[in-house]
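# Structural overview for review
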Amino acid sequence: MERETLFTEKIACWEDWGRIFQSIPAFEKLVAYIFEKEKLPGAEITHLTPGTNAVFRVGEYVVKIYAPKESGMDQTESRQTELFAANFAEKAGAAIPSVVACGEICDTYSFAYMIMKYIRGKELGEVLADSRDEERFLLGEQLGKLTKAMNIPCSPFNKIHVISDPDRSKRWEPYSETFRKSRTAYLKGRDFGDFVFTHGDLCADNILVDENGGLVVIDFADAVLAPRCYEPSLLAFEYRAYPAFLRGYWQGEDLKLMAEQVFDGILIHDFGGDIVKSVYPDAPGYHEVEELYKRILQLLKPLHENK
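Remember, it's a predicted structure, so these values are computed and weren't measured experimentally. (Residues numbered from 1 in each chain as written. Predicted model: local features only at pLDDT ≥ 70, side-chain atom pairs only at ≥ 80, totals over all residues. Heavy atoms only, no water.)

### Section: the nonpolar core
Our working definition: The set of buried Ala, Val, Leu, Ile, Met, Phe, Trp, Tyr and Cys residues whose side-chain atoms join them within 4.5 Å is what this entry labels a nonpolar core. Only protein chains enter the calculation, and the probe is 1.4 Å; a residue is then buried if its accessible area is under 20% of its type maximum, exposed if over 50%, and partly exposed in between. For this analysis, residues touch if any pair of their heavy atoms sits within 4.5 Å.
Formed by 67 residues in total, the largest nonpolar core has its most connected members in F197, F220, F237, L292 and L300. What F220 contacts, discounting residues up to four positions off in sequence, is T81, E82, A85, A86, A89, I96, M150, F197 and H199. Judged by nonpolar contacts, the second largest core, of 28 residues, contains I11, W17, I105 and Y113.

Laid out in C-alpha cells, this is it:
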C-alpha cells in the first residue's frame, strides 16, 4: 500500500520556501514520519530560532530539514559540510549538540534531514544582555579558548575558497567601484597565512550557554577552511556592544594587531560586505579599504579603555 503524501505545500522557488519553512502544520506529518523511521519518540513540535532551513524542536531533539533543490538552492554541500564540521569540532574539544540521525525522505520533494540532541540553555546574546562585565569577560575568555581549539589545520571538506571564489565578493557589489578595486588589490597582495577550520558564523544565536555556564556551538552550515583572521572578524562586529566580552576573547592583544586581524578577516568573510554596511551605513561610499581600517581601529579602541 502506498504511503500518504506527507508534504503538500508547493515549492518552486526560494520565495515559496521562505513562506513555509517555519510552518509547523506544513512539516508536521513529515517530521512524525522521520521520527518513526528513526525509531525516536515523537513529541510536540515547537519553533526554534529560524535560519535558512526548517528547524524545529521535538521533545528532547532538534530536527533540521534542508530546503529541497526545487527551492533554487541546492543544500547538498551545506548538509555534507555541517555533518563533517560538527564531527571535526567535537573531536577538537568543542561542545556541540550530538548528531543522532541523518537521512533523506523522498516525498513530494526529496528532503534531507538531520536530528540532534536538544541543548537546554539560552542564546549567548540574551545572556550577555543580562550579565555584568565580569561575567561577560569570562564568557569571552571561554569563547577564545573554544575557537583556538577549533581553528586548527584540517583537510578540505568542501569546494569553497574564501579568497578566490567570485561568489564570495557578491556582498561587496553595492560598494563603490574604487573601493572594490582597492579591496581586490589588497587581497592579491596579502599573505593570509595558514588556512584552518572555522565555524564561520559565531553570531549570538549560534552559541548557547548551557545550564552550567558552558558554551555550546550550533549550526555548522557555514563552516569553511579560512585564514585564522576569519573567525574573530565577525565577532568584533557581532559583539561590539560588549567590550568586556571581547576583552576576554582577545586577552589583551595589541590594538593594531587586533585591528589588522579584523580588517583582513572581514574583507574575505562571506558576510563581510553586509556586516560592514549594517554597522556603517555610509560604507558603500568609501573609496579605499584604508577608510574601513580606520573605522575598525576606532571600533576596537574600547577594548583597551576602561580596563
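There is more to say, and it comes next.
### Here we look at the pairing of strand β4 (residues 99-106)
Put simply, the rule reads: Pairing between two strands is assigned when DSSP locates at least 2 bridges connecting them. Numbering of helices and strands runs from the N terminus; a helix is a DSSP stretch of H or I covering at least four residues, while a strand is a stretch of E covering at least two.
When β4 meets strand β5 (residues 110-117), the two strands line up antiparallel, connected through 7 bridges. Within β5, the position partnered with E104 by the bridge is A112. Between β4 and β5, which follow one another and run antiparallel, lie 3 residues.

### Side note on the packing of aromatic side chains
For clarity, the cut-off: Planes of paired rings set the category: under 30 degrees apart is stacked, over 60 is edge-to-face and the rest tilted, where pairs are Phe, Tyr or Trp rings (Trp by its six-membered ring) whose centres lie within 6.5 Å.
Enumeration according to the criterion identifies 22 aromatic pairs in this entry. Between the aromatic rings of F157 and F197, the centroid separation amounts to 5.7 Å while the plane-to-plane angle is 45°, which identifies the pairing as tilted. Of this pair, F157 sits in the loop between α5 (133-150) and α6 (177-189) while F197 sits in strand β7 (residues 195-198); the two residues are 40 residues apart in sequence, bridging distant segments of the chain. For the residue pair F157 and F197, the accessibility class agrees, reading buried in each case. Among the aromatic side chains, those forming a connected cluster through ring pairs are F7, W17, F21, F27, F56, Y109 and F111.

### Focus: the pattern of salt bridges
So the rule is basically this: Every case where a carboxyl oxygen of Asp or Glu lies within 4 Å of a side-chain nitrogen of Lys or Arg is listed as a salt bridge.
Counting across every chain of the model gives 19 salt bridges. Note that E60 is salt-bridged to R120, the shortest N-O span being 2.6 Å. Note that E60 is positioned in the loop between β2 (54-58) and β3 (61-65) and R120 in the loop between β5 and β6 (121-123), a separation of 60 residues in sequence. Classification of E60 as partly exposed rests on a relative accessible area of 35%. A residue is classified by how much of its surface remains accessible, and R120, at 39% relative accessible area, is partly exposed. R132 is paired through a salt bridge with E135; the nearest N and O atoms lie 3.9 Å apart. The network of salt bridges with common partners includes R168, R171, D270 and D274.

### Points about the sheet that holds β6
Keep this limit in mind: Interaxial angle, 0 to 180 degrees, is taken between N-to-C directions of lines fitted to C-alpha atoms, where a helix line uses only the stretch in contact.
The sheet built from 3 strands is open, its strands ordered β6-β8-β9 with antiparallel pairing. Pairing within the sheet leaves two strands with one partner each, and these edge strands are β6 and β9 (215-217). Neighbouring strand axes in the sheet, compared pairwise and without regard to direction, differ in orientation by 35° on average.

### Section: the sheet that holds strand β1 (residues 45-47)
Spatial ordering of the open sheet is given by β1-β2-β3-β5-β4, a layout of 5 strands whose pairing is antiparallel. Both outer strands of the open sheet, β1 and β4, are each paired with one neighbouring strand and no more. Each adjacent strand pair in this sheet contributes to an overall mean axis angle of 30°, direction not counted. Sitting on the sheet, helix α2 (residues 24-37) is in contact with β1, β2, β3, β4 and β5, with an inclination near 115° to β3.

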